[in-house]
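Chain and residue survey
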Amino acid sequence: MMCSSGLQKWLRAALLLGFSLLAQTAFSAGKDQEMVGVVSYVVDGDTLYINAQSPSGEKPKRVKVRLRGIDAPEYDQPYGLEAKAWLAEQVSHHKVHIRYQGYDDYGRMLGTVYLGKTNINLALVKNGAAWAYRQYKPGKRILDAEMNARQARLGLWHSGAAIAPWVWRHSKR
């Protein structure tokens, strides 16, 4: 049987441990998580599939990834095929690192894709293959990259008549 002071010490330690775990969970909820995999298929200019590596050596899991903070032209809109081709040329069959925070309403992982040290999401926008997706707060670097690509008339900005994907999708309804 545990004495009163021993029980108090044990309860105090258990409470501290519980609060510590609770605080860690709350703190890490908004943090990026990471995944590594090989790009198996590019769906369009802002969506791809990876075969995610498992730390336990299990068979790779196929994961659909939506590039966070950007929006590329739809496949049936002007520059849609070029955006897909640009992304595929950069990452197809390459090992990538993905920083993600969760999933969208369609079950796609929302992430930033890195090929080595290159931020692919940012590179798409810099090269005029995608818009900064303002609705989802893309960050200053992506917003600046879009402004620079527009001014330089790169990619989809070349014609001066680019239609944002969210406007295109709405017009198709």
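You'll find the structure just up there.
Rules used throughout
Residues numbered from 1 in each chain as written. Predicted model: local features only at pLDDT ≥ 70, side-chain atom pairs only at ≥ 80, totals over all residues. Heavy atoms only, no water. Helix = DSSP H or I, 4+ residues; strand = E, 2+ residues; numbered from the N terminus. Expected span 1.5 Å × (residues − 1). Buried < 20%, exposed > 50% of the residue type's maximum accessible area, 1.4 Å probe, protein only. Arc of directions from axis to C-beta. Contact = heavy atoms within 4.5 Å. Phe/Tyr/Trp six-rings, centres within 6.5 Å; stacked < 30°, edge-to-face > 60°. Lys NZ or Arg CZ within 6 Å of the ring centre and 35° of its normal. Salt bridge = Lys/Arg side-chain N within 4 Å of Asp/Glu carboxyl O. Pairing = 2+ DSSP bridges.

Attention now goes to helix H2 (residues 80-91). The end-to-end C-alpha distance of H2, which contains 12 residues, comes to 17 Å, matching closely the 16 Å that a straight helix rising 1.5 Å per residue would cover. Three or more residues of H2 are buried, namely Gly 80, Ala 83, Trp 86, Leu 87 and Val 91. Seen along its axis, H2 keeps its buried residues to an arc of 130°; they face one direction. Those residues of H2 that are exposed and angled more than 90 degrees off the buried face are Leu 81 and Glu 89. In the core, the buried residues of H2 are packed alongside strand E1 (33-44), strand E2 (47-52), strand E3 (61-67), strand E5 (95-103) and helix H3 (120-126). A positive phi of about 65° marks His 93, the residue just after H2.

A few words now on the packing of aromatic side chains. Counted according to the given criterion, the structure contains six aromatic pairs. Measuring from centroid to centroid gives 6.5 Å for Tyr 41 and Tyr 49, while their planes differ by 40°, and the two rings are tilted. Exposure remark for Tyr 49: the relative accessible area of 19% places this residue in the buried category. A ring pair is formed by Trp 131 and Trp 166, whose centres lie 6.3 Å apart and whose planes are at 75°; its orientation type is edge-to-face. With Trp 131 in strand E8 (residues 131-132) and Trp 166 in helix H5 (residues 165-172), this pair connects stretches of sequence that are 35 residues apart. Of the residues examined, Trp 131 reaches a relative accessible area of 4% and is grouped as buried. Take Trp 166: its relative accessible area is 31%, and that puts it in the partly exposed class. Between Arg 62 and the ring centre of Tyr 49, over which it is positioned, the NZ or CZ distance is 3.9 Å.

Turning next to the environment of Val 96. Considering the arrangement of structural elements, one finds Val 96 in strand E5. For the pair Val 96 and Lys 117, spaced 21 residues apart in sequence, the C-alpha separation works out to 9.8 Å.

Below, the discussion takes up the pattern of salt bridges. Under the defined criterion, the tally for this structure stands at 10 salt bridges. Shared partners join several salt bridges into a network, and the residues in it are Asp 46, Arg 66, Asp 71, Glu 74 and Arg 169.

With that out of the way, let us pick up the pairing of E2. Burial of E2 is extensive: five of the six residues sit out of reach of the surface. Note that E1 and E2 share six bridges and pair antiparallel. Note on E2: the bridge partner recorded for Val 38 is Asn 51. Counting the residues between successive antiparallel strands, the hairpin from E1 to E2 contains two residues.

From the geometry alone we can't say anything about function, so treat these as descriptive.
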